[in-house]
Amino acid sequence: MSTAAKHYQYYPTQESLSPVWAYGFRPFFLLLPWYIALITLLWGLGFSGIIPMIPFGDPLLWHIYELLYGVGFAGIAAFLLTGLPELFPGVIPIVGRKLQWLVALYLLGRITFWTMGLIGIYPAMLLNLAFSLALLLWAFKPVVLDPLQRHASLAYTILWLTLLQGAFFASILGWIETPPLSWLYLALGGFMVLILLALRRVQTEAINELMEDQKREDLFVARPYRYNLAIFSVLLFSAVEFWGETSTSGWLALASSAAILAIINDFHLRFERIFWLPYVLFFTAIFGTMAGGYALLGVSYLFELPYLSQARHLLTVGAWGGSFLMVMLVVGFVHTGRRIVFDWFIGFSIWSLLFSVLIRFASGTWIEGWGYGLSALLFALSFILYYYRFKNHLRHPRADGIAG
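Residues numbered from 1 in each chain as written. Predicted model: local features only at pLDDT ≥ 70, side-chain atom pairs only at ≥ 80, totals over all residues. Heavy atoms only, no water.

## Some thoughts on the pattern of salt bridges
- Using the criterion set out here, one finds nine salt bridges in the structure.
- The shortest N-O distance in the salt bridge between Arg110 and Glu66 comes to 2.9 Å. Here Glu66 lies in helix H2 (residues 59-87) and Arg110 lies in helix H3 (residues 96-114), a separation of 44 residues in the sequence. Considered together, Arg110 and Glu66 belong to a single accessibility category, that of buried residues.
- Overlapping salt bridges bring together Glu209, Asp213 and Arg339 as one network. (Salt bridge = Lys/Arg side-chain N within 4 Å of Asp/Glu carboxyl O. Helix = DSSP H or I, 4+ residues; strand = E, 2+ residues; numbered from the N terminus. Buried < 20%, exposed > 50% of the residue type's maximum accessible area, 1.4 Å probe, protein only.)

## Points about the environment of Ser323
- On the secondary structure map, Ser323 appears in helix H11 (residues 308-334).
- Spatially, the C-alpha atoms of Ser323 and Phe25 are 15 Å apart, while their sequence positions differ by 298 residues.
- When sequence neighbours within four positions are dropped, the list of residues in contact with Ser323 reads Ile195, Leu199, Ile286 and Gly318.
- Within polar-contact distance, the side chain of Ser323 engages the backbone oxygen of Trp320 at 2.9 Å. (Contact = heavy atoms within 4.5 Å. Polar contact = N/O pair within 3.5 Å; in protein donor to acceptor, adjacent residues only side chain to side chain.)

## Structural notes on the packing of aromatic side chains
- Per the stated rule, a full pass over the model turns up 35 aromatic pairs.
- Residues Tyr69 and Phe73 carry aromatic rings whose centres are separated by 5.6 Å and whose planes lie at 10° to one another, so their mutual orientation is stacked. With a gap of four residues between them, Tyr69 and Phe73 both fall in helix H2, about one helical turn apart. Taken as a pair, Tyr69 and Phe73 share a single burial class, namely buried.
- Relative to Phe131, the ring of Tyr106 lies with its centre 5.5 Å away and its plane at 50°, an arrangement referred to as tilted. Of this pair, Tyr106 sits in helix H3 while Phe131 sits in helix H5 (residues 121-144), and the two are 25 residues apart along the sequence. There is no split in this pair, since Tyr106 and Phe131 are both buried. (Phe/Tyr/Trp six-rings, centres within 6.5 Å; stacked < 30°, edge-to-face > 60°.)

Remember, this is a structural readout, not a statement about activity or role.
So, in structure tokens, the structure goes:
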């Protein structure tokens, strides 16, 4: 039995369970492409002047919060609900009615945040924090209480992001003086750490499966010390930037960039050349945009250049969006009982996202305002293409006949 399928022996027995509710990633990966497209297009087209900016209170806070927390915690839910039963045998997957309640809680969080100007802040704060805490409580026993602490870093990072989410709402309510935007920028560093933790696990499984299919006899290993150095650098930069020390922030951002670039050395194996494999190239692009974002932050702080926005969008559109797409691709194959393949549909989705990164990077500097809208369209298109490529996989039973 494959590694991804071993935990299905603990799958709860339920009759007449719809495939959509048969495993945690399915409903979220069906919803997320459309939700990502919606919030991206509303912001990109509105900011570029193509459509009127829809009022959400402070549009910038809405934009950043929904990208990080609105999208991010849905991805975290899909990752945890799928990964924990695999990583910790004996953990019973959340399916059926329980999964429906969890998705409903997530959707209520989105509705209350969008309507915060009408109904107030408290419903949005309570429902969004409740969703985050529900995930943490479910993960606490297998992850935090694991004697070996094998994946505890994931739980601690999610806990940290939940605390920052609470601080964001407290700032809006005026309970603390730090501006809400500062908490979101600090959370962005936490999400970059989460990306590094998640990609280390996802790419190990994906790349070794690809090499096995191609009869390659080498082994890919994501070396922990490289990721640990990158995580330490990102956390240190995020903390110093939060406290407003610009010159030190600049040097730490450059250090973070160098540490992230070093991760790419993992793709140089002893016996095999895998760098040009399609998915390896996309992993490289994700690390490259993350490193580029921190490098541009560093240069902007040190030389007082007006490129902070472009730098953060390399992190969000490039590293954040790219890692989301990659995880959705790998899980969409592996956890529906299929081998990982690459076709023109997937390639077009990946290139659409990469072009959106380049256009957003150039917007406001070398390209006029329409670049924001075009970047948003291409970014949204990449996830819509994912939906149409994987909708049948996500709506139907596993191809190998295993439950879930």
